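# Commentary on secondary and tertiary structure
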Amino acid sequence: MADEVIFDDAVPVIRVHDLDAAIDRYGRLGFSVRRYQGDARYAFADRGGASLHLSELADHDPPLPSVVYLYVSDADALFTEWSERGIEGHFHEPFDTDYGLREFVFVDSDGTRHRVGSRLSRDSA
């Protein structure tokens, strides 16, 4: 039997209409953002152990928007941080799920749905 392949990481690539606006938005959300040094309209957004890639596509009109799930230590604290920054898009208030997570949703101006969750403490589950 062959050795099992181990996956080290997975990084979502988010399609954006305007790379400059997306770089600004993710910077305002607290990500460290850097542009790709080649010719492509591409950037990298990192915060803690999470990495997102941003790709500008001229014909961006996907039938379904991009969805990213971010696991964080405190969804309520991040909801407060992000929602107070006046970033274009809309937020759905945090809620407790039946699968043990506290979650909120932020949909940005490109239609990317950011689902964010943290584990519920045993006391609140």
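Since we're looking at a predicted model, the values are computed, not measured. (Residues numbered from 1 in each chain as written. Predicted model: local features only at pLDDT ≥ 70, side-chain atom pairs only at ≥ 80, totals over all residues. Heavy atoms only, no water.)

### Regarding the overall build of the protein chain
Across its full length, the protein chain holds 2 helices and 8 strands. Going from the N terminus to the C terminus, the protein chain shows its helices and strands as β-α-β-β-β-β-α-β-β-β. Out of the 125 residues in the protein chain, the part that is buried amounts to 34%. Pairs at least 24 residues apart make up 48% of the contacts formed inside the protein chain by residues separated by at least 6 positions. Split by element, the accessible area of the protein chain, about 8100 Å² in all, is 49% carbon and sulfur. (Helix = DSSP H or I, 4+ residues; strand = E, 2+ residues; numbered from the N terminus. Buried < 20%, exposed > 50% of the residue type's maximum accessible area, 1.4 Å probe, protein only. Contact = heavy atoms within 4.5 Å. Areas by Shrake-Rupley, 256 points an atom, 1.4 Å probe, with all protein chains shown as cover.)

### Re the sheet that holds strand β5 (residues 67–71)
In space, the 4 strands of this open sheet follow the order β5-β8-β7-β6, with mixed pairing throughout. Every other strand in the sheet has two partners, leaving β5 and β6 (89–96) as the edge strands with one partner each. Neighbour-to-neighbour, the strand axes of this sheet turn through a mean angle of 15°, independent of strand direction. (Pairing = 2+ DSSP bridges. Axes fitted to C-alpha atoms, helices over the stretch in contact; angles between N-to-C directions.)

### Describing the nonpolar core
Y26, F31, L52, W82 and F104 are the most contacted members of the largest nonpolar core, which has 22 residues in total. Counting residues per element, the ones that place at least two in this core are β1 (13–16), α1 (19–28), β3 (42–47), β4 (50–56), β5, α2 (75–83) and β7 (101–108). Look past the residues within four positions of Y26 in its chain and what remains in contact with it is I14, F31, V33, A45, L52, L54, D108, T112 and H114. (Core = buried A, V, L, I, M, F, W, Y, C linked by side-chain atoms within 4.5 Å.)

### Things to note about α1
Of all the residues in α1, the buried ones are L19, A22, I23, R25 and Y26. Along the axis of α1, the buried residues cluster in a sector spanning 165°; they form a single face. Between a side-chain oxygen at the N-terminus of α1 and the backbone nitrogen of D20 the separation is 3.0 Å; the capping residue is D18. Following α1 by one or two positions, G30 has its phi on the positive side, about 95°. (Arc of directions from axis to C-beta. Polar contact = N/O pair within 3.5 Å; in protein donor to acceptor, adjacent residues only side chain to side chain.)

### Things to note about the packing of aromatic side chains
Counted by the stated rule, this structure contains 11 aromatic pairs. Centroid distance Y26 to F31: 5.6 Å. Interplanar angle 80°. Geometry classified as edge-to-face. By the burial criterion, Y26 is buried, and F31 matches it. Between the aromatic rings of F79 and F91, the centroid separation amounts to 5.8 Å while the plane-to-plane angle is 90°, which identifies the pairing as edge-to-face. Highlighted residues: F79 in helix α2 and F91 in strand β6, separated in sequence by 12 residues. On the accessibility criterion, F79 (10% relative accessible area) is buried. (Phe/Tyr/Trp six-rings, centres within 6.5 Å; stacked < 30°, edge-to-face > 60°.)

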